[in-house]
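Below, each chain spelled out in residue letters.
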Amino acid sequence: SKYGTDPSIPKASGSLRSLERGIVGEGSVIYLDIGKREGAKPGDLFIVFRDNPVVKNARTAVAEVVLLKVEDRASTALVTYSDDAISLGDVVERR
């Protein structure tokens, strides 16, 4: 599956910090609150999830991003695949 996980990679999760526009899609650059402290490094893949407003405790994968630049507490990522627009409040987890 496109959103499979690799158990050998440590879990890291966070959320979108800021967007240049209110919502973004494939090809856009986004900023995440995940950094070197969480073990992130350039090239890491993350999946963007959104909570399902209808089904409690359910979420939907809406995009995939790759980290471009990683600082201690934050990183810059490129949206490489998107099923839906990404917006503030969406969460990310390492693939």
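A few points on the structure. Keep in mind that what you see is a predicted model, and the values were worked out from it rather than measured.

Rules behind the numbers
Residues numbered from 1 in each chain as written. Predicted model: local features only at pLDDT ≥ 70, side-chain atom pairs only at ≥ 80, totals over all residues. Heavy atoms only, no water. Pairing = 2+ DSSP bridges. Helix = DSSP H or I, 4+ residues; strand = E, 2+ residues; numbered from the N terminus. Contact = heavy atoms within 4.5 Å.

Sheet analysis places strand 4 (residues 45–51) next to strand 5 (residues 59–70), joined by seven bridges and oriented antiparallel. The residue of strand 5 that forms the bridge with Phe49 is Ala61. Inspection of the sheet shows strand 5 paired to strand 6 (residues 75–82) by seven bridges, in the antiparallel sense. The residue bridging Val65 from the neighbouring strand is Val79, located in strand 6.

On to the environment of Ala40, then. Looking at the secondary structure, you find Ala40 in the loop between strand 3 (29–32) and strand 4. For the pair formed by Ala40 and Arg73, sequence separation is 33 residues and the distance between their alpha carbons is 9.6 Å. Excluding anything up to four places from it in sequence, Ala40 contacts Ile34, Gly35, Leu67, Val70 and Arg94.

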